[in-house]
Amino acid sequence: MANPFLAPSELPYGLPDFAAVTDEDYLPAFEAGMAEQRAEVQAVLESGPPTFANTIEALELSGRTLDRVSRVFFSRAGAHTTPRIEEVRAAVAPMLAVHADAIALDPRLFARIAELHGKREELALDPESLRLLERHHRDAVRAGAELGEADKERLSAINSELSSLSTTFSARLLAGANAAAVHVHDVAKLDGMSPTAISAAAAAAADRGHGSGFLITLVLPTGQPVLESLTDRELRREIFEASIGRGARGDENDTRDVVLRLAALRAERARLLGFPSHAAYVIDDNTAGSVDAVASMLADLAPPAMRNADAEAADLAALAGHALEPWDWAFYAERVRRERYEVDAALLRPYLEFERVLQHGVFHAAEELYGIQFHERHDLPTYHPDVRYWEVFDADGTPLGLYGGDYYARESKRGGAWMNALVSQAELLGTRPVVMNTLNIAKPAEGEPTLLTIDEVRTLFHEFGHALHGLFSAVRYPTFSGTSVPRDFVEFPSQVNEMWLERPEILGRYARHHETGEPLPPELLEKLLASRAYGEGYRTTEYLAASLLDQAWHTLSVDDTVEDVLAFETEALRKAGIAHPLVPPRYRSTYFNHVFAGGYSAGYYSYIWSEVLDADTVTWFEENCGSRRENGDHFRRELLSKGGSVDAMEAYRAFRGRDPEIRPLLERRNLT
């Protein structure tokens, strides 16, 4: 049979035909796609004097086969990998890096782009086309197009090794997390867990080949949700230490050597490109603009966050009646919520049944705000039986795109939650979006409902915010499609979408008891909202610790030498004033997938940078009567539809009418 990636899919919206794809199709498709794009670039070079159409637009049209296979492959590698996929990923990562460099560093191609860029004012381009020309020129310069040949050769070698190392980090992290899952033999040790959670742990043990017992699998962050409920302190300690020890056990899944090499190579690459550090290189292309701007914001937030964390720690120690340890924090914090606010997470879960949250919460909020409709499709091929698709229609009935959901955890899926596009929207290509949300919700035993924690509900709303950013894209060029915006802006729309979780007009529809249909009692809702402010010291401190760790690794210069990952981490947190003995970083270096394999290197600060915009935007919605269609249409038109086709902060000003203010964020996080 012909390789399914060598021609556009004939399925609706160009959805990949997963029924026809085998693991053996990927590598040949990558090779064919790279060869095809090399030929297309050669055709650009031979197309006569450069014009916008025969150079910039032609580059946008190139690489379609490579784009198709890449989107599917890396989606599968994250969500449902196999040994063969891991082999292909290891093989293809350096090949892709070399391929990208061969195009970016080709002096003949850069000469064409530079010539057009030099006379851009004469070309009379429309604003999006002018921005595309400027983007191609800037990207080429940032990729090293102006370097000498020796430096280009070294840069290409660095990029190839970095790509391989990121793949290695990701593979070791997944294997290490699976190996670190805690196997419990005695159900009595699970006291405090809900019957549904215990059933899910039993199912996980059976799925992973344990003859009996219960398996506590690990989520990606340091904090494990089960620590809120387990009464067995020794088991809490075991789970915490399993989590925090990932990647530093001296076994085949140890990631410390990879971390050191990644940091050193990124520093060397930055120096080649004319920057003092990798962070300076990354942030120069973001809305923050400079390392100093990021450092100033994080430094301003750290002291009040630590003060709040200290106050919370004293409160919890008094409640516990003994010295507090890190594995105690979540358990006693949950007791405070129950006793002070009478909010028991176990009492909330029966009101947060997954299907109702999705249909009557996440989807309904989007329907109210934007007028869109969702129709589930059962006739489309998937890469796993748990995957579902919905066709999305605009308010006037026009087909908008396809939304997919892969919600349940499994051994073949990496931790965390994310959105990716299997097909991106672009008028030039005539394509409409196919976007996926991938989560890691524990799958219950057969026949039992999926009952969520409030944090899982928040994650569902958050990731759907990314999906809307992709679905509402209305740009001409694929370079600007959907979430193709600066790293420190991309989280903004998804964080805004979290606000609908607790708006009464939305929450009242989805928060209903899964057996009786009774709504969440108003008094419980009030206490839930009141309890939100509690724990901000811990949450802000753990987040800032991870952000500052990211900056510490990536402000290293090529002249700096680090030999011990954990010692460096300890000293970096101490110097930043964020080394709280009871509040570990949300991610330690050895399992910080965001920055060592996930595209957020030197950019983890983006979440709180974006939250400034988010909190200010929530204030705007509240001032303008919430989930009205007029509000949604304005937000969609001025911001969500633009992708990267306009400057991110200009889009924000067009939406908000002014620059963002930080006051709403400080009030939200109790940092005033």
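Data block above holds the structure.
Report follows, based on the coordinates. Within every chain, residues take consecutive numbers counted from 1 along the sequence as written. Local features in this predicted model are restricted to residues of pLDDT 70 or higher, and side-chain atom pairs are both shown and tallied only at a pLDDT of 80 or more, whereas totals for entire chains, interfaces and linings draw on every residue. Derived side-chain values reflect all non-hydrogen atoms in the structure, with water molecules and hydrogen atoms excluded from consideration.

### Details of the overall build of the protein
On a plain count of helices and strands, the protein comes out with 26 helices and seven strands. Each radius of gyration is computed over the set of C-alpha atoms, and the globule rule expresses the reference value as 2.2 Å times the number of residues to the power 0.38. Here the C-alpha atoms of the protein give a radius of gyration of 25 Å, agreeing with the 26 Å that 2.2 N^0.38 yields for 672 residues. Its C-alpha atoms give the protein principal-axis dimensions of roughly 80 × 60 × 55 Å. Sorting the 672 residues of the protein into buried and exposed places 56% on the buried side. The criterion used for residue contact is that any of the two residues' heavy atoms lie within 4.5 Å. Nonlocal contacts in the protein, meaning residues at least 24 apart in sequence, comprise 75% of its contacts between residues at least 6 apart. When the accessible surface of the protein is totalled, it reaches about 26,600 Å², and 51% of it is carbon and sulfur. Side-chain charges of the protein comprise 68 positive and 103 negative groups, with the mean position of each set lying 1 Å from the other. What counts as a helix is a DSSP run of H or I of at least four residues, what counts as a strand is a run of E of at least two, and both are numbered from the N terminus. Here's how the labels work: a residue is buried when its accessible area is under 20% of the maximum for its type, exposed when over 50%, partly exposed in between, all with a 1.4 Å probe on protein chains only. A 1.4 Å probe and the Shrake-Rupley method give the accessible areas. Residues count as covered only by the protein chains that appear here. By the counting scheme adopted, Arg and Lys are positive, Glu and Asp are negative, and His together with the chain ends is not counted. A charge is said to be at NZ when it belongs to Lys, at CZ for Arg, at CG for Asp and at CD for Glu.

### Here we look at the nonpolar core
The definition of a nonpolar core used throughout is a set of buried Ala, Val, Leu, Ile, Met, Phe, Trp, Tyr and Cys residues joined through side-chain atoms within 4.5 Å. Counting 158 residues, the largest nonpolar core has Phe 461 and Tyr 510 as its most contacted members. By residue number, the principal contributor to this core is helix 12 (residues 291-320), which donates eleven residues. Discounting residues that sit within four places of it in the chain, Phe 461 has contacts with Val 357, Gly 361, Val 362, Ala 365, Ser 494, Asn 497, Glu 498, Trp 500, Leu 501, Ile 506 and Tyr 510. Core analysis: the next-biggest nonpolar cluster, separate from the first, contains 29 residues, Leu 66, Phe 73, Tyr 389 and Val 423 among them.

### Some words on empty space enclosed by the protein
Grid spacing is 1 Å over the protein atoms alone, the probe is 1.4 Å, and a cavity is where that probe fits but cannot get out, while a pocket is an open set with protein on both sides within 12 Å along at least five of seven lines and lining residues have an atom within 4 Å of a point. Grid points are joined across faces, edges and corners, and a volume is the space filled by probe spheres set on the points. All told, the structure shown has three cavities of 30 Å³ or more when counted by the stated rule. Approximately 50 Å³ is the volume attributed to the largest cavity. Lining the largest cavity are Leu 369, Tyr 370, Gly 465, Leu 468, Pro 493, Val 496, Asn 497, Trp 500, Phe 621, Phe 635 and Leu 640. Secondary-structure elements contributing two or more residues to the lining of the largest cavity are helix 15 (354-370), helix 16 (454-471), helix 17 (487-497) and helix 24 (629-640).

### What to know about the environment of Ala 648
Along the chain, Ala 648 turns up in helix 25 (residues 648-656). For Ala 648, a relative accessible area of 7% gives the class buried. Each C-alpha atom, one on Ala 648 and one on Asp 488, is 9.8 Å from the other, the two residues being 160 residues apart in sequence. Ignoring any residue separated from it by four or fewer positions in sequence, one finds Ala 648 in contact with Thr 287, Pro 486 and Phe 489.

### Section: the packing of aromatic side chains
Working definition: a ring pair exists when centres of Phe, Tyr or Trp rings (six-membered ring for Trp) sit within 6.5 Å. Plane angles under 30 degrees give stacked, over 60 give edge-to-face, the rest tilted. Using the criterion set out here, one finds 42 aromatic pairs in the structure. Centre to centre, the rings of Tyr 605 and Trp 609 are 6.0 Å apart; their planes meet at 85 degrees, and the pair counts as edge-to-face. Taken as a pair, Tyr 605 and Trp 609 share a single burial class, namely buried. One aromatic cluster in this structure is built from Phe 489, Phe 492, Trp 500, Trp 620, Phe 621, Phe 635, Tyr 652 and Phe 655. The ring of Tyr 281 carries the charged tip of Arg 142 above its face, separated from the ring centre by 4.0 Å. As a reminder, the over-ring test applies to NZ of lysine and CZ of arginine, requiring each to be within 6 Å of the ring centre and within 35 degrees of the ring normal.

### Observations concerning the layout of surface pockets
Here the second largest pocket is characterised by a volume of approximately 650 Å³. In terms of lining, the second largest pocket is formed by 30 residues, of which the most central are Ala 7, Pro 8, Ser 9, Gly 14 and Arg 68. Only helix 3 (64-79) and strand 6 (418-423) provide two or more residues apiece to the lining of the second largest pocket. Looking at which element gives the most residues to the lining of the second largest pocket, the answer is helix 3, with five residues. Residue classes follow a fixed rule: Ala, Val, Leu, Ile, Met, Phe, Trp, Tyr, Cys and Pro count as nonpolar, while Asp, Glu, Lys and Arg count as charged, and any other residue, Gly among them, counts as polar. Classifying every residue of the lining of the second largest pocket by side-chain character gives 16 nonpolar, six polar and eight charged.

### Regarding the packing of helix 5 (residues 107-118) against helix 6 (residues 127-143)
Axis definition: a line fit to C-alpha positions, over the contact stretch in the case of helices; interaxial angles, taken between N-to-C directions, run 0 to 180 degrees. Two numbers describe how helix 5 lies on helix 6: the axes approach to 10 Å, and their chain directions differ by 135 degrees. By the angle between their axes, helix 5 is oblique relative to helix 6. Like other packed secondary-structure pairs, helix 5 and helix 6 cross with a definite hand, here left-handed. Facing Phe 110, Ile 113, Ala 114, Leu 116 and His 117 of helix 5, the residues of helix 6 in contact are Leu 133, Glu 134, His 136, His 137, Ala 140 and Val 141. Across the contact of helix 5 with helix 6, the residue classes tally to seven nonpolar, three polar and one charged. Orientation is classified from the angle alone, with under 35 degrees giving roughly parallel, over 145 giving roughly antiparallel, 65 to 115 giving roughly perpendicular, and any other angle giving oblique. Here is the rule for handedness: rotate from the far helix to the near one, and if that takes an anticlockwise turn smaller than a right angle the crossing is left-handed, while a clockwise turn gives right-handed.

### Re the side chain of His 462
Considering the arrangement of structural elements, one finds His 462 in helix 16. Every residue in contact with His 462, bar those within four places of it in the chain, is listed here: Glu 491, Ser 494, Gln 495 and Glu 498.

### Some details on the sheet that holds strand 4 (residues 388-393)
Pairing in this open sheet of five strands is mixed, and the strands run 3-4-5-7-6 from one edge to the other. The strands lining the two open edges of the sheet, one partner per strand, are strand 3 (373-377) and strand 6. Neighbour to neighbour, the strand axes of the sheet diverge by 30 degrees on average, direction disregarded. By the convention used here, strands pair only if DSSP detects at least 2 bridges between them. Pairing analysis gives five bridges linking strand 6 to strand 7 (residues 434-441), with the strands arranged antiparallel. From the neighbouring strand, Ala 421 faces strand 7, where its bridge partner is Val 435. This element, helix 3, spans strand 5 (399-408), strand 6 and strand 7 of the sheet and lies at about 150 degrees to strand 6.

### Brief notes about the side chain of His 99
Looking at the secondary structure, you find His 99 in helix 4 (residues 83-104). Any pair of N or O atoms that falls within 3.5 Å is considered a polar contact. Within protein, one atom must be able to donate a hydrogen and the other to accept it, and sequence-neighbouring residues count only if both atoms are side-chain atoms. At 2.9 Å, the side chain of His 99 forms a polar contact with the side chain of Gln 37. Those residues in contact with His 99 that lie beyond four places of it in its chain are Met 34, Gln 37, Arg 38 and Leu 66.

### Quick look at the packing of helix 7 (residues 149-180) against helix 10 (residues 256-272)
Each pair of packed helices can be described by the angle between their axes along with the distance between the axes. Axis separation between helix 7 and helix 10 bottoms out at 10 Å; the angle between their running directions is 155 degrees. Here helix 7 is positioned roughly antiparallel relative to helix 10, judged by the angle of their axes. Classified by chirality, the crossing of helix 10 by helix 7 is left-handed. Of helix 10, the residues touching helix 7 (which contributes Asp 151, Arg 154, Leu 155, Ile 158, Asn 159, Glu 161, Leu 162, Leu 165, Ser 166, Thr 168, Phe 169 and Arg 172) are Asp 257, Val 258, Val 259, Arg 261, Leu 262, Leu 265, Arg 266, Glu 268, Arg 269 and Leu 272. Broken down by class, the residue content of the contact of helix 7 with helix 10 amounts to ten nonpolar, three polar and nine charged.

### Concerning helix 5
Counted at 1.5 Å a residue, the expected span for helix 5 with its twelve residues is 16 Å, and the 16 Å between its end C-alpha atoms agrees. Taken residue by residue, helix 5 has Leu 109, Phe 110, Arg 112, Ile 113, Leu 116 and His 117 as its buried positions. One face of helix 5 carries all of its buried residues, which in axial projection span an arc of 155 degrees. In this fold, the buried residues of helix 5 make contact with helix 1 (26-45), helix 2 (52-61), helix 4 and helix 6. Where helix 5 starts, the residue carrying a side-chain oxygen 2.9 Å from the main-chain nitrogen of Arg 108 turns out to be Asp 106. The span one expects for a helix is its residue count, reduced by one, times 1.5 Å. This arc is built from the directions going out from the helix axis to the C-beta atoms.

### Examining the pairing of strand 7
Within strand 7, seven of the eight residues are buried, leaving the element largely enclosed by the surrounding structure. Sheet topology note: the strand 5/strand 7 ladder contains six bridges and is parallel. Bridging from a neighbouring strand, Tyr 403 pairs with Val 435 of strand 7.

### A short note on the pattern of salt bridges
Opposite charge on two side chains permits pairing when their charged atoms draw close. By convention in these notes, a salt bridge is any Lys or Arg side-chain nitrogen within 4 Å of a carboxyl oxygen on Asp or Glu. With the rule as written, the count across this model stands at 59 salt bridges. Asp 386 is the salt-bridge partner of Lys 443, the closest N and O atoms lying 2.8 Å from each other. Placement of the pair is Lys 443 in the loop between strand 7 and helix 16 and Asp 386 in the loop between strand 3 and strand 4, with a sequence separation of 57 residues. According to the relative accessible area criterion, Lys 443 is partly exposed, its value standing at 40%. One salt-bridge network, held together by shared partners, links Arg 135, Arg 138, Asp 139, Arg 142, Asp 284 and Asp 285.

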